[in-house]
Amino acid sequence: MPKLIKNSNFKEDNSHNEKAYEFINKHLPVTYVDLTISCLIKKGVNAPSKALIRNVRNKTIVRNDILLALVEVAYENKEAIERIKLLTS
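Here we summarise the structure given alongside this text. (Residues numbered from 1 in each chain as written. Predicted model: local features only at pLDDT ≥ 70, side-chain atom pairs only at ≥ 80, totals over all residues. Heavy atoms only, no water.)

1. Let's talk about the pattern of salt bridges
The tally for this structure, following the rule as stated, stands at four salt bridges. Across the pair Lys50 and Asp34 runs a salt bridge whose closest N-O atoms are separated by 3.4 Å. With Lys50 in helix H3 (residues 50-57) and Asp34 in helix H2 (residues 32-42), the pair connects residues that are 16 residues apart, well separated along the chain. The exposure class assigned to Lys50 is partly exposed, which follows from its relative accessible area of 40%. Here Asp65 makes a salt bridge to Arg63, at a shortest N to O gap of 2.9 Å. According to the relative accessible area criterion, Arg63 is partly exposed, its value standing at 32%. (Salt bridge = Lys/Arg side-chain N within 4 Å of Asp/Glu carboxyl O. Helix = DSSP H or I, 4+ residues; strand = E, 2+ residues; numbered from the N terminus. Buried < 20%, exposed > 50% of the residue type's maximum accessible area, 1.4 Å probe, protein only.)

Encoded structure:
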């Protein structure tokens, strides 16, 4: 059986994913797992395991549906923080 050779010349353009991870790193709350599950359930998707969400967050697994939910949770957290700052100043 021949060995598979990985083509190192192939470079996938994932700049949108990198931007998403930068946004997540800045704005995702510590309690993101349960919030992400509830966000996915609202969309009608079966709830993934907590470990799967953590693996997507740590870039171990690429699942765009979960990444999108993480970005939405981070965006909601950012909006809440901005609203708190506005109300307390």
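2. Points about the side chain of Asn17
With respect to the secondary-structure elements, Asn17 resides in helix H1 (residues 15-27). According to the relative accessible area criterion, Asn17 is buried, its value standing at 9%. Of the polar contacts made by the side chain of Asn17, one reaches the side chain of His16; its length is 3.4 Å. (Polar contact = N/O pair within 3.5 Å; in protein donor to acceptor, adjacent residues only side chain to side chain.)

3. Structural notes on H1
For H1, which comprises 13 residues, the first-to-last C-alpha distance of 18 Å matches the rise-based estimate of 18 Å (1.5 Å per residue) to within 8%. Among the residues of H1, Asn17, Ala20, Tyr21 and Ile24 are the ones counted as buried. Down the axis, H1 shows its buried residues gathered within 100° of arc, on one side only. Turned more than 90 degrees off the buried face of H1, the exposed positions are Lys19, Glu22 and Lys26. In this fold, the buried residues of H1 make contact with H3 and helix H4 (64-88). (Expected span 1.5 Å × (residues − 1). Arc of directions from axis to C-beta. Contact = heavy atoms within 4.5 Å.)

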